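# Coordinate analysis (summary)
Now for the letters of each chain:
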Amino acid sequence: MKVVYEHKRAMTLIGFSERIRQSEGRVQCPAFWADYARRYKRLWQGAEPENGAGEGRA
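Now for a description of the structure that goes with this document. (Residues numbered from 1 in each chain as written. Predicted model: local features only at pLDDT ≥ 70, side-chain atom pairs only at ≥ 80, totals over all residues. Heavy atoms only, no water.)

### Notes on the overall build of the protein
Per the secondary structure count, the protein includes 1 helix and 2 strands. Burial analysis of the protein (58 residues in total) assigns 7% to the buried set. Counting every atom, the protein has about 6000 Å² of accessible surface; 51% of that belongs to carbon and sulfur. (Helix = DSSP H or I, 4+ residues; strand = E, 2+ residues; numbered from the N terminus. Buried < 20%, exposed > 50% of the residue type's maximum accessible area, 1.4 Å probe, protein only. Areas by Shrake-Rupley, 256 points an atom, 1.4 Å probe, with all protein chains shown as cover.)

### Here we look at the packing of aromatic side chains
Within the structure shown, the criterion is met by 3 aromatic pairs. On the basis of an interplanar angle of 80° and a centroid distance of 4.8 Å, the ring pair of F32 and W33 is categorised as edge-to-face. Note on F32: relative accessible area 11%, which makes it buried. Judged by its relative accessible area of 42%, W33 falls in the partly exposed class. Among the aromatic side chains, those forming a connected cluster through ring pairs are F32, W33, Y36 and Y40. (Phe/Tyr/Trp six-rings, centres within 6.5 Å; stacked < 30°, edge-to-face > 60°.)

### Describing the pattern of salt bridges
Applying the stated rule across the entire model yields 2 salt bridges. With a shortest N-O distance of 2.4 Å, D35 and R38 are connected by a salt bridge. Of the two residues, D35 and R38 both sit in helix α1 (residues 25-40), 3 residues apart, roughly one turn of that helix. For D35, a relative accessible area of 25% gives the class partly exposed. Judged by relative accessible area, which is 57%, R38 ranks as exposed. The partner of R39 in a salt bridge is D35, and the shortest N-O contact between them spans 3.0 Å. (Salt bridge = Lys/Arg side-chain N within 4 Å of Asp/Glu carboxyl O.)

Next up, the structure:
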């Protein structure tokens, strides 16, 4: 298998306006998802997974 890494200046997540540079990803991506969870957790509170997600986790 041949793996090729392409250099990209920034990554855009569809549906979000946040842009994170590849060089800042280790810090900015976790911060982005923490903020996302804080803002939108009400959307999935009390919801049961339909696809078995999370099964078998301690």
